[in-house]
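Survey of secondary and tertiary structure
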Amino acid sequence: MPAPASVDPRLLRAFVTVAEELHFTRAAARLYVAQQALSRDVRRLERELGAELFVRTTRQVTLTADGERLLRYARRVLAAQDELLAAFGQARPLLVDVNSPGQLTGRLVLERARALAPEHELMARYESGLTGAVTELLAGRLDASFGRFAGLAPALRAGLGHQPVRYEPMAVVLPGDHPLARLAEVPLAALAGETVYAGAGNPRTPEWTDLAHRLFEGRGIDVAPPAPLAVGNEEFQRLMDKSGTPVLAVVTFPAIGSTVVRPLVDPVPLSPVSLVWRKALVHPAFDALRRAVAQIAAEKDWLRVPSGAWIPAADAAVMSAGN
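Residues numbered from 1 in each chain as written. Predicted model: local features only at pLDDT ≥ 70, side-chain atom pairs only at ≥ 80, totals over all residues. Heavy atoms only, no water.

A closer look at the overall build of the protein
Keep this limit in mind: In this text, helices come from DSSP runs of H or I with a minimum length of four residues, and strands from runs of E with a minimum of two, each type numbered from the N-terminal end. Contacts between residues were defined by any pair of non-hydrogen atoms, one from each residue, lying within 4.5 Å. Note that accessible areas follow from Shrake-Rupley with a 1.4 Å probe, and for residues the cover is restricted to the protein chains shown.
Along the backbone of the protein there are eleven helices and twelve strands. Considering only contacts within the protein whose residues lie at least 6 apart along the sequence, 75% involve residues at least 24 apart. For the protein, the exposed area adds up to about 15800 Å²; of that, 54% sits on carbon and sulfur atoms.

A few points about the pairing of strand 3 (residues 94-97)
The following threshold applies: Throughout this description, buried means an accessible area under 20% of the type-specific maximum (1.4 Å probe, protein chains only), exposed means over 50%, and partly exposed covers the range between. Pairing between two strands requires that DSSP report at least two bridges joining them. Note on handedness: a clockwise path from strand one over the helix to strand two, with the strands aimed away from the viewer, defines a right-handed crossover.
Along strand 3, one buried face is formed by Leu-94 and Val-96 and the opposite face, lined by Leu-95 and Asp-97, is buried too. Where strand 3 meets strand 4 (residues 122-125), four bridges bridge the pair, whose relative direction is parallel. Within strand 4, the position partnered with Asp-97 by the bridge is Arg-125. Note that the unit made of strand 3, helix 5 (residues 104-116) and strand 4 has a crossover that is right-handed.

A short note on helix 8 (residues 206-216)
Listed as buried for helix 8 are Glu-207, Trp-208, Thr-209, Leu-211, Ala-212, Leu-215 and Phe-216. Close packing links the buried residues of helix 8 with helix 6 (130-139), strand 6 (160-174), strand 8 (195-196), strand 9 (222-223), strand 10 (247-250) and strand 12 (270-278). Of the residues trailing helix 8, Gly-218 is marked for its positive phi of about 80°.

Regarding the packing of aromatic side chains
Cut-off, in case you're wondering: A pair of Phe, Tyr and Trp rings is counted when the ring centres sit within 6.5 Å of each other, with Trp represented by its six-membered ring. The angle between the planes then sorts it: under 30 degrees is stacked, over 60 is edge-to-face, the rest tilted.
Scanning the model with the defined rule gives three aromatic pairs in all. With centroids separated by 5.5 Å and ring planes inclined at 50°, the aromatic side chains of Phe-15 and Phe-54 adopt a geometry described as tilted. Of this pair, Phe-15 sits in helix 1 (residues 9-21) while Phe-54 sits in strand 1 (residues 54-56), placing them 39 residues apart in sequence. Its relative accessible area of 0% is what places Phe-15 among the buried residues. Looking at Phe-54, the relative accessible area reads 0%, which means it is buried.

Examining the pattern of salt bridges
Here is the rule we go by: Whenever Lys or Arg places a side-chain nitrogen within 4 Å of a carboxyl oxygen from Asp or Glu, that contact is recorded as a salt bridge.
Under the defined criterion, the tally for this structure stands at 17 salt bridges. Between Arg-44 and Glu-48 there is a salt bridge, with its nearest N and O atoms 3.0 Å apart. Note that Arg-44 and Glu-48 are positioned in helix 3 (residues 35-49) at a spacing of four residues, about one turn of the helix. Under the relative-accessibility criterion, Arg-44 is labelled partly exposed at 31%. You can call Glu-48 partly exposed: its relative accessible area is 23%. With a closest N to O distance of 3.4 Å, Arg-278 and Asp-143 form a salt bridge. Linking Arg-278 in strand 12 with Asp-143 in the loop between helix 6 and strand 5 (144-147), this pair joins segments that are 135 residues apart in sequence. Taking relative accessible area as the criterion, Arg-278 reaches 14% and is therefore assigned buried.

Nothing here speaks to function; it is all geometry.
If you want it as structure tokens, here you go:
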């Protein structure tokens, strides 16, 4: 087999980590990726090089002679890459879209990443939705975002990487005088006959509208038709007062003015959230961002799916595959 024209440094990093751990599960944990994704990367590297790098048995993983030979070169390549990134990494900040100032998930991850990499600048951006952020991601004008990865078109997902962050329980925002506002939790069945706003017509958030359609299907709940987008808390409150239309949200959505936020139950619907980035991204602070996701998700048990919760099968598959 002819030598490859180039080798993706990400594949080399996967190889070196497995070589150091001699254990795929531990190596995957170090890299904050699913074990399946790590195994896939190692197999791809073996195909590209035309060499078997590891001997795998049910009891142990060992390096082959070709693996030992590659390890010396791979470490030198990665050291040079790290040196290059360190030299140029201060030239610009890592730009991280946290959707909106009121959204908690992205903000918590960004704050943790800043603590993990205080020598780098990580700056927040507010693109409102993942679909809206993708154009900026792929163009290199934005580095990372948060949102429902399965809600993107397959052609867009092909150019992006993602790391599951959490399954966020969903909620409904109600005017203070709405009959359901007196409840501590709102059963989905109680919304039957209601029209609920879920961003229909907003070109930046179709993935959210699609999730609403999937959730409401067969439950007698309608998605509200497109409406002018309320920008700012005052406009949101004014439109809520005028229309009285409930709004689909997540439990961390901040109550604005006289509105109330009520968790949805029976079943508890979950909004899947991933950290999303363009596959070509290189930045010395990016590892800190991924470590922040892994740390907070573990600390807060964000990736546990409660018994009886609702999530589309396609989303569950995408989240379990990870990156």
